[in-house]
Amino acid sequence: PMNYFLLDAVTGELRTARPLDKEAVDNKNGTIVLTIKACELIDGKKGNDASTTSITEATVKIIDVNDEAPSFDKREYFVEIPENIKEENRFLV
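Notes on the structure follow. (Residues numbered from 1 in each chain as written. Predicted model: local features only at pLDDT ≥ 70, side-chain atom pairs only at ≥ 80, totals over all residues. Heavy atoms only, no water.)

**Notes on the environment of K37**
Here is step 1: You can see K37 is positioned in strand β3 (residues 31-39).
Here is step 2: Apart from residues no more than four positions distant in its own chain, K37 is found in contact with T53, S54 and I55. (Helix = DSSP H or I, 4+ residues; strand = E, 2+ residues; numbered from the N terminus. Contact = heavy atoms within 4.5 Å.)

**Let's talk about the nonpolar core**
Here is step 1: Y4, F5, V25, I32, L34, A58, V60 and I62 together form the largest nonpolar core, which totals eight residues.
Here is step 2: Those elements that provide at least two residues to this core are β3 and β6 (53-61). (Core = buried A, V, L, I, M, F, W, Y, C linked by side-chain atoms within 4.5 Å. Buried < 20%, exposed > 50% of the residue type's maximum accessible area, 1.4 Å probe, protein only.)

**Concerning the pattern of salt bridges**
Here is step 1: Taken as a whole and assessed by the stated rule, the structure comprises one salt bridge.
Here is step 2: Note that E13 is salt-bridged to R15, the shortest N-O span being 3.1 Å.
Here is step 3: Relative accessible area serves as the criterion here: at 35%, E13 is assigned to the partly exposed category. (Salt bridge = Lys/Arg side-chain N within 4 Å of Asp/Glu carboxyl O.)

**Some thoughts on the environment of A69**
Here is step 1: Relative to the helices and strands, A69 resides in the segment after β6.
Here is step 2: When the C-alpha positions of A69 and D21 are compared, they lie 9.9 Å apart, and in sequence the two are 48 residues distant.

**Here's the deal with the side chain of T52**
Here is step 1: With respect to the secondary-structure elements, T52 resides in the loop between β5 (45-46) and β6.
Here is step 2: In this structure, T52 is in contact with A38, C39, E40, I42 and G47, ignoring residues within four places of it in sequence.

**Observations concerning the environment of V79**
Here is step 1: Tracing the backbone through its elements, the reader meets V79 in the segment after β6.
Here is step 2: Taking the C-alpha atoms as reference points, V79 and E13, separated by 66 residues in sequence, lie 9.9 Å from one another.

Just geometry here; none of it tells us what the structure is for.
Printed below as a string of structure tokens:
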């Protein structure tokens with residue numbers, strides 16, 4: 001949404017593409033929901049059925065109301081999501 005993010009098609013790394021601005025987001029609480037679709041490659045081609053694709057959402061909430069650059073405890077965060085995770089075990093990133 002709004003070209004705020006880049007998703008690396010190979011590694012799955014999600015990055016900000018430009019500074020985030022809470023006031024520019026459509027909703028007042030600063031929430032951006034990204035729909036992400038992953039496809040398994042079979043012989044170099046993307047799968048397109050339920051056994052080879054997965055769709056999930058990543059929710060980013062912008063809480064900085066004074067337009068200062070965000071700060072984080074670490075330079076990078078890594079999350080691994082098992083391929084066979086059950087629906088009730090999904091979480092917000």
